[in-house]
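Topology and contacts: notes
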Amino acid sequence: MQYTAAQSQSVAIIGASGYVGVELTRLVQQHPALNLLGCYVSEHSSDAGSLLSDLHPQYAHLVKLPLQGLSSHEKDFIKGSADTVFLCTDHGVSVELAPEFLAAGLKVIDLSGGFRLNRVEDYPAFYGFEHEQNQWLEQAIYGLAEWYPQEIAAAQLVAVPGCYPTAALMALLPVKQAGLLSDNKIIINAVSGVTGAGRKASLTNHGAELSLQAYGLFEHRHTPEIAQQLQQDVLFTPHLAQFPRGILATVYAELNDDVSDTDLDKAYQCYAGQPLVRCERQARPAIKNVVQQPFVDIGWHRQGNQLIALSAIDNLLKGAASQAIQCVNLQLGLALEEGLL
Ligand SMILES: NC(=O)C1=CN([C@@H]2O[C@H](COP(=O)(O)OP(=O)(O)OC[C@H]3O[C@@H](n4cnc5c(N)ncnc54)[C@H](OP(=O)(O)O)[C@@H]3O)[C@@H](O)[C@H]2O)C=CC1
Ligand SMILES: CC(=O)N[C@@H](CCC(=O)OP(=O)(O)O)C(=O)O
């Protein structure tokens, strides 16, 4: 297929050596309408100058680019040459970098949590830093691709959702939108593979320490992110497990009194025709079916007023990199699944 100039983009990837960054680099390299200008790490990174394929040999056939330190010279090059910058960096780094590229007129697709919450006041409590970019926070569009396509298509700054919120919201939004949920708190338990914690070694992701364990009780930063999108209180408990990638979310919600199976069927019909959503009544999604895939698998079950919705994604793909590509596809007017299937 031939793409017009308006349907192609030159892009730069910052944070390309991380787990999310390398998946995104692979997807950009395979994408017919995206031209990769460069892959960047921090200015004084010990990986600057290495080939991305030396760090991630599984993609050696696709990704031969060197990692470059993000000096002011490189930033100027990006500002002068790129249409879109992907930030696969830590939240605080993204909040610092995004305004520079936005002010230069570039589009920014941020895969961190730096621009996901609506209120600057929530950043100290949930992210541990003061957010000083209120004007960009106000303009950021939440990049849940199946739900906000028009807004994403027109956005200069897209905040790609967190991995757990993607899993939970994709399962819950159909019933919320259809007005089928009671006002009671929704309970979300989710289990993530260890790549969710990033590539840097720490005690948390050390092999000998890994087990299956809850963390972040009551206070994880994805609690306000999910609640904000749902406009309802949630009790979210993440769990870290000893497998590399994937998330399974189990969501418990109370239905209104008069909700029928037909109402539920109709609500989840919103995903009919969505190429990257596989949604079935009574399905029990499994992580093995979504790893290395851009899909979200959803199953829903009800007994009386109780709904249990299940959702599985690859945290590095639908939970990050492939969702970022969906956002760019929307911005270019391409099919949502372009370059992904
Ligand atoms: N892992 C996951 O499942 C998901 C992660 N996210 C979010 O995506 C982002 C990346 O996550 P992940 O890939 O796991 O993290 P990693 O720690 O694996 O990667 C971080 C990347 O950022 C680079 N980096 C660090 N500081 C700077 C800087 N100042 N300037 C430029 N580059 C820098 C690192 O390289 P170096 O240190 O060598 O400079 C590395 O390439 C985070 O915000 C994370 O919260 C979102 C959804 C899912
Ligand atoms: C297993 C694990 O540690 N997961 C990460 C979430 C990764 C992610 O998607 O979230 P952000 O983009 O908000 O960082 C965590 O709980 O902090």
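Rules and cut-offs
Residues numbered from 1 in each chain as written. Chains lettered and ligands numbered in written order. Predicted model: local features only at pLDDT ≥ 70, side-chain atom pairs only at ≥ 80, totals over all residues. Heavy atoms only, no water. Buried < 20%, exposed > 50% of the residue type's maximum accessible area, 1.4 Å probe, protein only. Helix = DSSP H or I, 4+ residues; strand = E, 2+ residues; numbered from the N terminus. Arc of directions from axis to C-beta. Contact = heavy atoms within 4.5 Å. Near = heavy atom within 4 Å. Polar contact = N/O pair within 3.5 Å; in protein donor to acceptor, adjacent residues only side chain to side chain. Areas by Shrake-Rupley, 256 points an atom, 1.4 Å probe, with all protein chains shown as cover. Nonpolar A, V, L, I, M, F, W, Y, C, P; charged D, E, K, R; others polar. Domains from an automatic or database assignment. Expected span 1.5 Å × (residues − 1).

Right, let's talk about helix 3 (residues 72-81) for a bit. Listed in full, the buried residues belonging to helix 3 are Glu74, Lys75 and Ile78. Take helix 3 and look down its axis: the buried residues cluster within an arc of 105°, on one side only. Exposed positions of helix 3 whose direction lies more than 90 degrees from the buried face are Ser72, His73 and Gly80. Against the buried residues of helix 3 lie strand 1 (9-14), strand 2 (34-41), strand 3 (67-69), strand 4 (84-87) and helix 4 (91-103).

A separate point is the site of ligand 2. Taken together, 15 residues surround ligand 2, and among them Arg116, Cys163, Tyr215, Arg221 and His222 come closest. Note that an oxygen atom of ligand 2 is positioned 3.0 Å from one of the backbone N or O atoms of Cys163. Gly196 is positioned with one of its backbone polar atoms (N or O) 3.2 Å from a nitrogen atom of ligand 2. Look at ligand 2: alone it shows 430 Å² of surface, and the protein chains cover 84% of it. Among the residues forming the shell around ligand 2, the class breakdown is six nonpolar, seven polar and two charged. For the shell around ligand 2, the two domains that each supply at least three residues are domain 1 (5-160 + 320-332) and domain 2 (163-313).

Looking now at the site of ligand 1. Near ligand 1 there are 28 residues, and of these Ser17, Ser42, Ser45, Thr89 and Asn315 occur at the shortest range. At 3.4 Å from an oxygen atom of ligand 1 is found a main-chain nitrogen or oxygen belonging to Leu111. Contact between ligand 1 and Lys200: an oxygen atom at 3.1 Å from a side-chain N or O atom of the residue. Protein coverage of the free-state accessible area of ligand 1, which is 900 Å², stands at 84%. Mapped by element, the contributors of at least two residues to the shell around ligand 1 are helix 1 (19-30) and helix 4. Considered class by class, the residues forming the shell around ligand 1 number 11 nonpolar, 13 polar and four charged.

Here we come to unusual backbone geometry. Look at Phe218: it is not a glycine, yet its phi comes out positive at around 70°. Mapped onto the secondary structure, Phe218 falls in the loop between strand 9 (212-214) and helix 9 (222-230). Backbone geometry places Gln292, a non-glycine residue, at a positive phi of 70°. Here Gln292 shows up in the loop between strand 12 (277-281) and strand 13 (296-303). Take Gln292: its relative accessible area is 43%, and that puts it in the partly exposed class.

Our focus in this paragraph is helix 1. In an α-helix there are 3.6 residues to a turn, and that puts residues three or four apart on one side. The terminal C-alpha atoms of helix 1 lie 17 Å apart, and with 12 residues this matches the ideal 16 Å at 1.5 Å per residue to within 8%. Every buried residue belonging to helix 1 is among Gly21, Val22, Glu23, Leu24, Thr25, Arg26, Leu27 and Val28, and all of these are buried. Along its buried surface, helix 1 packs onto strand 1, strand 2, helix 2 (52-55), strand 4 and helix 11 (321-332).

This is a description of form; function is not addressed.
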